[in-house]
Amino acid sequence: MTVWVDHLVVAAATLAQGVAWCEATLGVVPGPGGRHALFGTHNRLAKMASEAYPDAYLEIIAVDPDAPPPGRVRWFGLDDPALQAELQQHAPRLVHVVARSTMLDMHRWGLINVGLQPGDPVSAHRETPEGRLAWQILVRADGRLLCGGALPTLIQWQGRHPTAAMAASGLALQALTLRGVPERARDVLRLRGVQVLADGTPALSATLATPRGEIVLESA
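Enquirer: When you look at unusual backbone geometry in this model, what are you seeing that I'm missing?
Expert: Keep in mind that most residues, glycine aside, have a negative phi and that most peptide bonds are trans. Along the chain, Thr201 connects to Pro202 via a cis peptide bond; the corresponding omega equals -5°. Inspection of the secondary structure assignment puts Pro202 in the loop between strand 10 (194-197) and strand 11 (204-210). In this structure, Cys147 is a non-glycine residue whose phi angle is positive, near 55°. Mapped onto the fold, Cys147 is located in the loop between strand 7 (131-139) and strand 8 (153-157). Overall, the relative accessible area of 24% leaves Cys147 in the partly exposed class. The phi torsion at Arg190 lies on the positive side, around 50°, for a residue other than glycine. For Arg190, the position within the fold is in the loop between helix 4 (183-189) and strand 10. In this structure Arg190 comes out as exposed when scored by relative accessible area, which is 51%.

Enquirer: Would you mind going over the nonpolar core with me for this structure?
Expert: Soluble globular proteins: nonpolar side chains tend toward being buried together. Judged by nonpolar contacts, the single largest core of 44 residues is most densely connected at Leu8, Leu26, Leu58, Leu173, Leu176 and Leu178. The dominant element in this core, judged by the number of residues it contributes, is helix 1 (residues 15-26), at four residues. When near neighbours in sequence (up to four residues on either side) are disregarded, Leu176 contacts Val5, Leu8, Tyr53, Val97, Gly193, Val194, Gln195, Ser205 and Ala206. Ranked by size, the runner-up nonpolar core spans 24 residues in total, among them Phe39, Leu87, Val95 and Ile155.

Enquirer: Please clarify how the pairing of strand 7 should be interpreted in this entry.
Expert: The side chains of a regular strand alternate between both faces of the sheet. The sheet contact formed by strand 6 (residues 120-128) and strand 7 spans nine bridges and is antiparallel. For Ser123, the partnering residue across the bridge sits in strand 7 and is Gln136. Linking strand 6 to strand 7, which pair antiparallel, is a turn of two residues. In this sheet, strand 8 lies alongside strand 7 in antiparallel orientation, the contact comprising three bridges. Paired with Gln136 across the two strands is Gln156, which belongs to strand 8.

Enquirer: How do you make sense of the environment of Trp4 when you look at a structure like this?
Expert: Residue placement: Trp4 occurs in strand 1 (residues 4-11). A residue is classified by how much of its surface remains accessible, and Trp4, at 25% relative accessible area, is partly exposed. Remark: the alpha-carbon pair of Trp4 and Gly193, spanning 189 residues in sequence, is separated by 8.1 Å. Apart from residues lying up to four places away in sequence, Trp4 is in contact with Ala52, Pro54, Val98, Ala99, Arg100, Leu191 and Arg192.

Enquirer: Help me understand the pairing of strand 4 (residues 57-63), please; the structure alone is not making it clear to me.
Expert: For strand 4, a buried count of six out of seven residues is recorded, marking the element as mostly surrounded by other parts of the structure. In the sheet, strand 1 pairs with strand 4 via five bridges, with the strands oriented parallel. What sits directly across from His7, in strand 4, is Tyr57. As judged from the seven bridges shared by strand 3 (residues 41-47) and strand 4, these two strands associate in the antiparallel manner. Its bridge partner being in strand 4, Asn43 is matched across the sheet by Ile61.

Enquirer: What is the right way to look at the pattern of salt bridges in this model?
Expert: Enumeration over the complete set of coordinates arrives at eleven salt bridges. Between Asp6 and Arg100 there is a salt bridge, with the nearest N and O atoms lying 2.7 Å from each other. Here Asp6, found in strand 1, pairs with Arg100, found in strand 5 (residues 93-100); they are 94 residues apart in sequence, far enough to count as distant. Arg100 matches Asp6 in its accessibility class, with the two residues each being buried. Arg108 is the partner of Asp120 in a salt bridge, and the nearest nitrogen-oxygen pair spans 2.8 Å. One end of the pair, Asp120, is in strand 6; the other, Arg108, is in helix 3 (residues 104-113), and twelve residues separate them in sequence. Look at Asp120 and you get partly exposed, because its relative accessible area is 45%. Here Arg108 falls in the buried class, since its relative accessible area comes to 12%. Look at the salt bridges and you will find they share partners, linking Arg35, Asp64 and Asp66 into a network.

Conventions we followed
- Residues numbered from 1 in each chain as written.
- Predicted model: local features only at pLDDT ≥ 70, side-chain atom pairs only at ≥ 80, totals over all residues.
- Heavy atoms only, no water.
- Helix = DSSP H or I, 4+ residues; strand = E, 2+ residues; numbered from the N terminus.
- Buried < 20%, exposed > 50% of the residue type's maximum accessible area, 1.4 Å probe, protein only.
- Core = buried A, V, L, I, M, F, W, Y, C linked by side-chain atoms within 4.5 Å.
- Contact = heavy atoms within 4.5 Å.
- Pairing = 2+ DSSP bridges.
- Salt bridge = Lys/Arg side-chain N within 4 Å of Asp/Glu carboxyl O.

Below, the structure written as structure tokens:
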């Protein structure tokens, strides 16, 4: 019943800004992503799987200016005016982690039973040249991230995983620390390979091996 790191989420004011940041900071150009009609966002992706974090990848995400208003709050806190103002004035930044479960409903109720509200399951999909990607993901109605973004959003893939079609990028996730997650929530998730602390800052700290050497990404 272990939960695995699925992907890290880097928010950007625009996708072009996120791609430029990735090349300048990590030394790689992210691969293709897609559009999420349900939430009015789009992304670019880079594989960063390692022995400790199999099938992990980096997601750079931004509001899609060509998408109609989604009619709901966007995921990952992207509608937060303070976050958008910070992204406009500064660089993209690490905001969140998504964790992979094969028992989404069980883990959801486990978090609810320890006093956290991780959101309701939402079915989503997008088309790719290799076929449709489909998943269920927990999203709060208010779009808010819990524990300063340190409590992972849970996802359950239906069918193939996106990294199956991703080329190696030169990135590898080496370590991940989450701070501010209650101990009882840590016991529910049992995140493999992740140091989970009840307090401290920053909420997220990820160490990546990159073509530019070891890089540490931290949330605000």
